[in-house]
Amino acid sequence: MDSEVLFTITRENLDTGLRGYPIGIVTTSTVDPENGLYYRGIPVSDMVNRSPEELIFLLFEGHLPKEEELKDFSEELHKRSTLHPIAREAILKLPREAKPMALQSIALMLAGTYESSGDWKEDALRLIAKMPAITALVINHHAGWGETPQTSKERGFAETFFDLLQLKGKSKQLLEALRLFLILHFDHGGGNLSTFVGKAVASGLEDLFGSMAASLNALAGPRHGRANEDCLDFNQALMKELGDNFNDQTLEKALRERLARGDLVFGFGHAVLRVEDSRAKVLYDFAKEHFPDNPLIKFALSLRQVGPKILKENPKISSPYPNVDAISGSVLSAAGFPFPIYFTSLFGLSRVVGIAIQIYHERVVARGGKGVPIYRPKYIYQK
Ligand code: MLT
């Protein structure tokens, strides 16, 4: 087993972003090309009614919590949920012209200045617990939505963020959409860019907060976390172009024109998945149930049918199916959060969970407790 050949590297594999290279063990989640995302062996589609706390516990401990365990774990998170007052004041002094993801990343560096204990597990818990307050503070500050209140004991991960967000006219449906968005984005295997970057930085023994700030910077790019924002922009631009003439035929024609020009069709394809993203399916079902008449949802549902049909005609496209970004922004907007500029911040709020737990594993559990050494892949020199 130890000397089993898992992958043979040829020259063609160089400069391909480590695509598909096995480089380590991941215990939290896996992305099956044909079946989508599993958390600790359970398909995400089987867990859509679970609370964030249940799934954070599952990712940490490997099993769903019993009632008492869930109560204790929720209390442990709540105890750590407030932000150090100096970090809070410093975040409020950050320039509001900065991008929300830059603010979220700097906020983690500031939080780490006062909150890092140096113990990987404790810091993973602290960071996850504080993230709803940090993200709400950053968004309220950036948007100018007013002062962010303190967290309250009875409220969980999703509710705390929802309560602290000073957005007017919030509805129960928005809370439900947020809960779903958050639990679906917690983790996505070991090799997605933000997770990989966080683990690499932590391998140099930067603390968890600093490693996570690097992860958020990785998440901020349009090929990774910002894809949800760009995808909604793409859909809205197409909707505007088609106007009252929108139907499956006109949509098909518009997509063909874009492909002929060499433009991207946003929200389709994935580095690993070879079927429709199981996270997208959950959100399509939610959208059909709650917002069937919303124009953004109707449009996203048409794209779900028309997009793969056209993309499949090109034999070079190995992944012609919708990914989670094809629908997540439309759902958030339909539910009352029409602010694409903050979609990646919500992704960050969620993804820190998987990253923190994976970092803890690599630092403390992996290799019989020795931890993974500092990352140092080989590059081949060429003149
Ligand atoms: C993610 O959720 O991280 C994205 O789908 C990207 C990936 O898995 O590589």
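Residues numbered from 1 in each chain as written. Predicted model: local features only at pLDDT ≥ 70, side-chain atom pairs only at ≥ 80, totals over all residues. Heavy atoms only, no water.

> Could you give me a rundown of the overall build of the protein, with the residues and numbers involved?
In terms of regular secondary structure, the protein is built from 15 helices and three strands. At 21 Å, the protein has a C-alpha radius of gyration in line with the 21 Å of a compact globule built from 383 residues. When the backbone C-alpha atoms are referred to their principal axes, the protein occupies close to 60 × 60 × 45 Å. Here the protein, with 383 residues, has 51% of them falling under the buried criterion. Each charge class in the protein can be summarised by its mean position, and for the 45 positive and 47 negative side chains these summaries are 4 Å apart. (Helix = DSSP H or I, 4+ residues; strand = E, 2+ residues; numbered from the N terminus. Rg over C-alpha atoms; globule rule 2.2 N^0.38 Å. Buried < 20%, exposed > 50% of the residue type's maximum accessible area, 1.4 Å probe, protein only. Lys, Arg positive; Asp, Glu negative; His and termini not counted. Charge placed at Lys NZ, Arg CZ, Asp CG, Glu CD.)

> Outline a negative patch on the surface, listing residues and values.
A cluster of acidic residues, Glu67, Glu68, Asp72 and Glu75, forms a negative patch on the protein surface. Tracing the sequence through the fold places Glu67 in helix H2 (residues 67-79). (Patch = residues over 30% accessible without salt bridge, like charges linked within 9 Å, V, L, I, M, F, W, Y side chains within 5 Å. Areas by Shrake-Rupley, 256 points an atom, 1.4 Å probe, with all protein chains shown as cover. Salt bridge = Lys/Arg side-chain N within 4 Å of Asp/Glu carboxyl O.)

> I'd like to hear about the side chain of Arg363, residue by residue, with values.
If you trace the backbone, Arg363 turns up in helix H15 (residues 343-365). One buried charged residue, Arg363, remains without a salt bridge, the closest side chain of opposite sign being Glu362 at 4.5 Å. If near-sequence neighbours (up to four positions away) are discounted, Arg363 is found in contact with Trp120, Ala202, Ser203, Leu205, Gly371 and Val372. (Contact = heavy atoms within 4.5 Å.)

> Tell me about helix H11 (residues 248-260), and please be specific about residues and values.
Along its 13 residues, H11 runs 18 Å from first to last C-alpha, staying within 8% of the 18 Å computed at 1.5 Å per residue. For H11, every residue scored as buried is listed here: Leu251, Glu252, Ala254, Leu255 and Arg258. For H11, the angular spread of the buried residues around the axis is 165°, confining them to a single face. Residues Gln249, Lys253 and Ala260 are exposed on H11 and point more than 90 degrees away from its buried face. (Expected span 1.5 Å × (residues − 1). Arc of directions from axis to C-beta.)

> Give me a nonpolar patch on the surface: which residues, what numbers.
On the surface, Leu6, Phe7 and Ile9 cluster together into a nonpolar patch covering about 290 Å² of accessible area. Mapped onto the elements, Phe7 comes out in the segment before strand E1 (29-32).

> Quick one: what's the story with the nonpolar core, residue by residue and with numbers?
Grouped together as the largest cluster of nonpolar side chains are 94 residues, with contacts concentrated most on Tyr39, Phe60, Leu108, Ile128, Phe186, Ile327 and Phe337. Top contributing element to this core by residue count: helix H5 (residues 120-143), with 13 residues. Counting only domains with at least three residues in this core, you end up with domain 1 (36-223 + 340-369) and domain 2 (227-334). Ignoring any residue separated from it by four or fewer positions in sequence, one finds Phe60 in contact with Arg40, Phe73, Lys121, Ala124, Leu125, Ile128, Ile357 and Tyr360. Core analysis: the second largest hydrophobic core is formed by 13 residues, Leu251, Ala254, Val265 and Ile310 among them. (Core = buried A, V, L, I, M, F, W, Y, C linked by side-chain atoms within 4.5 Å. Domains from an automatic or database assignment.)

> Describe in detail the domain arrangement of the protein, supporting the description with residues and values.
On domain assignment, one finds that the protein holds domain 1 (36-223 + 340-369) and domain 2 (227-334). Listed by partner, the interface residues are 24 residues for domain 1 and 20 residues for domain 2. Buried surface at the junction of domain 1 and domain 2, summed over both partners, amounts to about 1,900 Å²; 69% is from carbon and sulfur atoms. In this assembly, domain 1 and domain 2 are joined by zero salt bridges. (Buried area = accessible area lost by both parts, 1.4 Å probe.)

> So, empty space enclosed by the protein: which residues are in play, and what are the values?
Counted by the stated rule, this structure contains two cavities of 30 Å³ or more. Looking at the largest cavity, its volume works out to about 50 Å³. In this structure, the largest cavity is lined by Thr82, Leu83, Arg88, Ala133, Leu137, Pro149, Gln150, Thr151 and Leu164. Size it by volume and the second largest cavity reaches roughly 40 Å³. Together, Ile25, Val26, Thr27, Thr28, Lys199, Gln358, His361 and Glu362 line the second largest cavity. Residue contributions to the lining of the second largest cavity peak at three residues, all from H15. Across the lining of the second largest cavity, the residue classes tally to two nonpolar, four polar and two charged. (1 Å grid on protein atoms, 1.4 Å probe; cavity = no way out; pocket = protein on both sides within 12 Å on 5 of 7 lines; lining within 4 Å. Points joined across faces, edges and corners; volume = space filled by probe spheres on them. Nonpolar A, V, L, I, M, F, W, Y, C, P; charged D, E, K, R; others polar.)

> Got a sec to walk through the pairing of E1? Specific residues and values, please.
Residues Ser29 and Val31 line the buried face of E1, whereas the alternating positions Thr30 and Asp32 sit on a face that is not buried. With four bridges connecting them, E1 and strand E2 (residues 36-39) associate as antiparallel partners. Paired with Thr30 across the two strands is Tyr38, which belongs to E2. A loop of three residues connects E1 with E2, the two strands running antiparallel in sequence. (Pairing = 2+ DSSP bridges.)

> Describe the environment of Arg351, with residues and values.
Note that Arg351 resides in helix H15. Through-space distance from the C-alpha of Arg351 to that of Ser333 is 20 Å; in sequence the pair is 18 residues apart. Excluding its chain neighbours within four sequence positions, the residues that come into contact with Arg351 are His185, Phe186, Asp187, His188, Asn192, Ser194, Thr195, His224 and Arg279.

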